Amino acid sequence: MKAQAQVSKTPLRRARRADDPASGNGRAQRPRGLRTRRAILRKAVNIASVEGLEGLTIGKLASELRISKSGLFAHFGSKEDLQCAVVDAAREIFVDVVVRPAYQFQGLKRLRALCENWLAYGQQRVFPGGCFFSAASLEFDDRPGRVRDQIVGLMQRWLGNLEQAARDAQSAGEISKDADVRQLAFEIQALAMGANWSSRLFRDPGVYDSVRTAILRRIEEAAETKQARE
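Everything numeric in this text was worked out from a predicted model, so none of it was measured.

Quick look at the confidence of the model for the protein chain now. With 83% of its residues at a pLDDT of 70 or more, the protein chain has an overall mean of 86. Between the elements of the protein chain, mean pLDDT differs from a low of 42, seen in helix α2 (residues 11-17), to a high of 98, seen in helix α9 (residues 146-171). Counting interchain partners and residues more than four positions distant, the pLDDT-below-50 stretch residues 1-27 has 48 contacts. Contacts for the low-pLDDT stretch residues 226-230, under 50 throughout, to residues beyond four places or in other chains number six contacts.

For the rest of this paragraph, the subject is helix α6 (residues 79-102). Across its 24 residues, α6 extends 34 Å between first and last C-alpha, which sits within 8% of the 34 Å expected from 1.5 Å per residue. In the structure, α6 departs most strongly from a straight axis at V95, where the bend amounts to approximately 45 degrees.

This next bit is on helix α7 (residues 107-123). Look at α7: 24 Å from first C-alpha to last across 17 residues, which is about the 24 Å you get at 1.5 Å a residue. Here α7 lies mainly inside the structure; twelve of its 17 residues are buried. Turning to α7, its buried residues number three or more, namely G107, L108, R110, L111, A113, L114, C115, N117, W118, L119, Y121 and G122. Looking one or two residues beyond α7, the residue adopting positive phi is R125, at roughly 55 degrees.

Throughout the structure, instances matching the rule amount to 15 salt bridges. Residue R218 pairs with E187 through a salt bridge whose shortest N-O separation is 2.5 Å. In this pair, R218 sits in helix α11 (residues 207-229) while E187 sits in helix α10 (residues 181-202), placing the two residues 31 residues apart along the sequence. Residue class for R218 comes out partly exposed when judged on its relative accessible area of 22%. According to the relative accessible area criterion, E187 is partly exposed, its value standing at 23%. Linked by salt bridges that have partners in common, K43, E51, K60 and E64 make up one network.

Okay, the packing of aromatic side chains next. Inspection of every chain in the model, using the stated rule, returns nine aromatic pairs. Judged by centre distance (5.9 Å) and plane angle (90 degrees), the ring pair of Y121 and F127 falls under edge-to-face. Neither Y121 nor F127 differs from the other in exposure class; each is buried. Counting every residue linked through ring pairs, the aromatic cluster contains F94, W118, Y121, F127, F132, F133, W158 and Y208. Against the face of F140 rests R143, its NZ or CZ located 5.4 Å from the ring centre.

Conventions used here
- Residues numbered from 1 in each chain as written.
- Predicted model: local features only at pLDDT ≥ 70, side-chain atom pairs only at ≥ 80, totals over all residues.
- Heavy atoms only, no water.
- pLDDT = per-residue confidence, 0-100.
- Helix = DSSP H or I, 4+ residues; strand = E, 2+ residues; numbered from the N terminus.
- Contact = heavy atoms within 4.5 Å.
- Expected span 1.5 Å × (residues − 1).
- Bend = angle between axes of the 7 residues up to and from the residue.
- Buried < 20%, exposed > 50% of the residue type's maximum accessible area, 1.4 Å probe, protein only.
- Salt bridge = Lys/Arg side-chain N within 4 Å of Asp/Glu carboxyl O.
- Phe/Tyr/Trp six-rings, centres within 6.5 Å; stacked < 30°, edge-to-face > 60°.
- Lys NZ or Arg CZ within 6 Å of the ring centre and 35° of its normal.

What follows is the structure, given as structure tokens:
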């Protein structure tokens, strides 16, 4: 988990650099080509969020966009290349909506902001199928390969963000030194995954409010432990 915490210290720099769509297939792309690729990927992300990454094919995407398969192959050489590009495009959206806004804060405020931003992202359906990464994590948890490895790395980075924010709060004296910040990050993510599951399966519009209460209560418990010792 030390490696996760180290990764989480530079989420934005890595988010801008790692797996950049502009570096697709090792070729520099012109601005018009990049705009086209981004438009294709946004459509692909929306499809995949509803039908799953395995349900996304070059043929289906070409049909939805009303372009030729050969046109898509110019951007993505295979279904797996397309899936990896879609995961990365979803990561960019997630960073912009959830992670980056929280980094104006420090410690406990950052941890709360990460949680609030995630809940708003799920509740407002930034992706039409709910949380893209909750669904993709379940879809590829037992499927070895590049796509799974990419999802695993991104989820580890997200857990690292939560843990590091909690660790920083601990260092600032906002959370008890005895608190297990790894466990806290795990519980927050487990509750968030449960919110997405219940929202999608049961069409429960109130679940995000229930989970928000549970997550903020868990964070407050960690903070109150510190206050109780003073």
